[in-house]
Amino acid sequence: MSGIWRQVLAAYTTDQHNERDREQLLALGAAELAHARSSEGSPATAEDVQHIALQEFGLLLGITQARTALRERRTRHG
C-alpha cells in the first residue's frame, strides 16, 4: 500500500487527523481514484473528484477543494 493510501485510510478510519487535514487527505484520495478511473483521452475533472468523494468517503467537497486535490495529485505524480 502506498504512502498516500495509508494516510487516506487513517483519515477515513481514525481520529488521528484534525478535520481540515482529514478532508484534504480524503480529497486527495478521491483525486487519485478519479485519475485511476478516467480514460486516457479524458482526464479526471473536479466534478469527478466531488462525485467520488461523496460516493466513496461520504464527503461533500466544494469545487475549489476538488480542484486543489487534482492539482496536488498532478504535482505529486509529475
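Bear in mind the structure is a predicted one, so any value in this text is a computation, not a measurement. (Residues numbered from 1 in each chain as written. Predicted model: local features only at pLDDT ≥ 70, side-chain atom pairs only at ≥ 80, totals over all residues. Heavy atoms only, no water.)

Brief notes about the overall build of the protein chain
And step 1. Counting its secondary structure elements, the protein chain contains four helices and zero strands.
And step 2. Reading the secondary structure of the protein chain in the N-to-C direction produces α-α-α-α.
And step 3. Over its C-alpha atoms the protein chain spans a radius of gyration of 12 Å, differing by no more than 12% from the 12 Å that the globule rule assigns to 78 residues.
And step 4. In terms of principal-axis extent, the alpha carbons of the protein chain reach across some 40 × 25 × 20 Å. (Helix = DSSP H or I, 4+ residues; strand = E, 2+ residues; numbered from the N terminus. Rg over C-alpha atoms; globule rule 2.2 N^0.38 Å.)

Quick word on the nonpolar core
And step 1. Membership of the largest hydrophobic core comes to 22 residues, with the highest contact counts inside it found for Leu26, Ala30, Val49, Phe57, Leu59, Leu61 and Leu70.
And step 2. When contributions to this core are tallied by element, the ones reaching two or more residues are α1 (3-13), α2 (19-37), α3 (46-57) and α4 (63-77).
And step 3. The element that contributes the greatest number of residues to this core is α2, accounting for eight residues.
And step 4. Excluding residues within four positions of it along the chain, Phe57 makes contact with Val8, Tyr12, Leu26, Gly29, Ala30, Leu33 and Ile52. (Core = buried A, V, L, I, M, F, W, Y, C linked by side-chain atoms within 4.5 Å. Buried < 20%, exposed > 50% of the residue type's maximum accessible area, 1.4 Å probe, protein only. Contact = heavy atoms within 4.5 Å.)

Some details on the environment of Val49
And step 1. In this fold, Val49 is placed in helix α3.
And step 2. Look at Val49 and you get buried, because its relative accessible area is 0%.
And step 3. A C-alpha to C-alpha distance of 8.8 Å links Val49 and Ile63, two positions 14 residues apart in sequence.
And step 4. Apart from the residues lying within four places of it in its own chain, the contact partners of Val49 are Ala27, Ala30, Ala31, Ala34, Leu61, Ala66 and Leu70.

Notes on the packing of α2 against α4
And step 1. Closest axis-to-axis distance for the α2/α4 pair is 8 Å, and the angle between their directions is 70°. One finds that α2 runs roughly perpendicular with respect to α4. Crossing of α2 against α4: the hand is right-handed. Between α2 and α4, the residues in contact are Glu23, Gln24, Ala27, Leu28, Ala31, Glu32 and His35 and Gln65, Ala69, Leu70, Glu72, Arg73, Arg76 and His77, respectively.
And step 2. Class assignment for the residues of the contact of α2 with α4 results in five nonpolar, four polar and five charged. (Axes fitted to C-alpha atoms, helices over the stretch in contact; angles between N-to-C directions. Parallel < 35°, antiparallel > 145°, perpendicular 65-115°, else oblique. Left-handed = near helix turned anticlockwise from the far one by under 90°. Nonpolar A, V, L, I, M, F, W, Y, C, P; charged D, E, K, R; others polar.)

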